[in-house]
Amino acid sequence: MKQRVMSGMRTTNRLHIGNYFGALKNWVELQKDYDCFFGAMNWHALTDGYKTPDIFTKFTKDMIMDWIAFGIDPKKSIVYIQSEIPEVLELQMLFSMITPLGWLDRVTTWKDSIEDLKSKDAYNLGRYSYPVLQTADIAIFKGNKVPVGLDQVPHLELSREIVRRLNHLYKTKIPEPAQLLTENPAIVGTDGRKMSKSYGNIIPLLEEPQVIVDMAKKMVTDPARVRRTDPGNPEVCPVFMTHKLFSPTTEQAEVDRDCRTAAIGCMDCKMKLATNINAFMKKPLEKRKELLNNPGQLDEIIEDGCERARAEAKKTMGEVRSELGW
Ligand code: TRP
Ligand code: SF4
């Protein structure tokens, strides 16, 4: 039997290229070697966004469309929506009994954001137990490997402790999930800072070519390159860093050389970048449009995925209940 990969994304936003290079690209590859479960995590999105549930409904389908557009194969992998699997919450409840508060207090993603959460009116029980729910996401499908970024490592450590405790207490046989660290290249936003929705500096995925051209025009360049005749330094330029993700290596080398000698202007450089991003997005964008134009097809895919996920979740929860004598 193949090992299982389990992962998910919160349904808070349209995806951007950071999500692609940081996670999705890796998911697509993992499908070759693992049985994969990919969840659109709408409960997790509610932890700090419970005041605006309607926007998340919109992003849920949208996100799944993007996954499929980039090569997640819903026949092979199980693609599901978290809120469609009630067993996850049942397991989370059991986990919440065996998780000492001290374990949660120590989680850095909680400890270090308390003030921020208070200011956002999101200092709540759901947010506190976020990693417990995440553990249930993984354990309900007996996930062996969890591809995550560095920021999620403390959560995975906690997940292993919780699962270990469950197995110890009740003789269940849930695998302790291991992280598969995704090596993500540094993804800088259009302004050179880390790409983040909250900075308003994202490069969107799967937009019309003109949107990408307009975005490229607005990108920050080497600040020291003021006039067209000034030589530039690609190493400090967000445009060049993005070339590294999308442009062929020969073209990267040309840009690198021609920027330093001022043989190329920043506008030309940006237009080259936009062309390469658009070439990269072409096929996925077509696939996305196909799904947009066939809402019935997408709904069927999601329904099928949720059904298969539910069957697995019922199996696990059945085993756990029987160990509890319920
Ligand atoms: N917390 C993850 C994130 O913010 C999303 C997530 C929810 C997740 N449940 C999960 C990731 C289970 C892996 C496994 O990216
Ligand atoms: Fe940046 Fe390109 Fe301008 Fe050089 S030419 S500063 S790499 S945008």
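Please read all numbers here as calculations on a predicted model, not as lab measurements. (Residues numbered from 1 in each chain as written. Chains lettered and ligands numbered in written order. Predicted model: local features only at pLDDT ≥ 70, side-chain atom pairs only at ≥ 80, totals over all residues. Heavy atoms only, no water.)

Observations regarding the overall build of the protein chain
Working step 1: Along its length, the protein chain carries 15 helices and 5 strands.
Working step 2: Since a compact globule built from 326 residues should have a radius of gyration of about 20 Å, the 22 Å found for the protein chain is in line with a globular shape.
Working step 3: C-alpha atoms of the protein chain, sized along the principal axes, occupy 75 × 45 × 40 Å.
Working step 4: Residue pairs at least 24 apart in sequence account for 78% of intrachain contacts in the protein chain once pairs closer than 6 positions are excluded.
Working step 5: Total accessible area on the protein chain is roughly 16,000 Å²; 54% of this is exposed by carbon and sulfur atoms.
Working step 6: Between the centroid of the 46 positive side chains of the protein chain and the centroid of its 44 negative side chains there is a distance of 1 Å. (Helix = DSSP H or I, 4+ residues; strand = E, 2+ residues; numbered from the N terminus. Rg over C-alpha atoms; globule rule 2.2 N^0.38 Å. Contact = heavy atoms within 4.5 Å. Areas by Shrake-Rupley, 256 points an atom, 1.4 Å probe, with all protein chains shown as cover. Lys, Arg positive; Asp, Glu negative; His and termini not counted. Charge placed at Lys NZ, Arg CZ, Asp CG, Glu CD.)

With respect to the packing of aromatic side chains
Working step 1: Applying the stated criterion to the full structure yields 13 aromatic pairs.
Working step 2: Both rings, one in Phe-21 and one in Phe-246, keep their centres 5.4 Å apart while their planes meet at 80 degrees; by these two values the pair is edge-to-face. Here Phe-21, found in helix H1 (residues 17–30), pairs with Phe-246, found in helix H12 (residues 238–246); they are 225 residues apart in sequence, far enough to count as distant.
Working step 3: For the pair Phe-21 and Phe-280, a centre-to-centre distance of 6.3 Å together with 20 degrees between the ring planes defines the contact as stacked. Here the residue Phe-21 occupies a position in helix H1, and Phe-280 occupies one in helix H14 (residues 266–293), the gap between them amounting to 259 residues.
Working step 4: Phe-280 sits in the partly exposed class, given a relative accessible area of 29%. (Phe/Tyr/Trp six-rings, centres within 6.5 Å; stacked < 30°, edge-to-face > 60°. Buried < 20%, exposed > 50% of the residue type's maximum accessible area, 1.4 Å probe, protein only.)

What to know about the nonpolar core
Working step 1: Within the largest apolar cluster, 90 residues are counted, with the highest numbers of intra-cluster contacts made by Trp-67, Tyr-80 and Phe-95.
Working step 2: Among the elements that take part in this core, helix H15 (residues 295–324) stands out by supplying 8 residues, more than any other.
Working step 3: Looking at this core, you find at least three residues from each of domain 1 (4–187 + 295–324) and domain 2 (206–288).
Working step 4: With near-sequence residues (within four places) excluded, Phe-95 lies in contact with Val-132, Thr-135, Ala-136, Ala-139, Ile-162, Val-163 and Leu-166. (Core = buried A, V, L, I, M, F, W, Y, C linked by side-chain atoms within 4.5 Å. Domains from an automatic or database assignment.)

Here we look at the side chain of His-155
Working step 1: Inspection of the secondary structure assignment puts His-155 in helix H10 (residues 153–170).
Working step 2: For His-155, a relative accessible area of 4% puts it in the buried group.
Working step 3: One polar contact links His-155 to Thr-109, side chain to side chain, over a distance of 2.7 Å.
Working step 4: Among residues more than four places away in sequence, those in contact with His-155 are Val-107, Thr-109, Tyr-130, Pro-131 and Gln-134. (Polar contact = N/O pair within 3.5 Å; in protein donor to acceptor, adjacent residues only side chain to side chain.)

Quick look at the site of ligand 2
Working step 1: In the region of ligand 2, the neighbouring residues are Thr-221, Asp-222, Arg-225, Cys-237, Val-239, Phe-240, Cys-259, Cys-266 and Cys-269.
Working step 2: The set of elements that each furnish at least two residues to the shell around ligand 2 consists of H12 and H14.
Working step 3: Residue classes in the shell around ligand 2 are distributed as 6 nonpolar, 1 polar and 2 charged. (Near = heavy atom within 4 Å. Nonpolar A, V, L, I, M, F, W, Y, C, P; charged D, E, K, R; others polar.)

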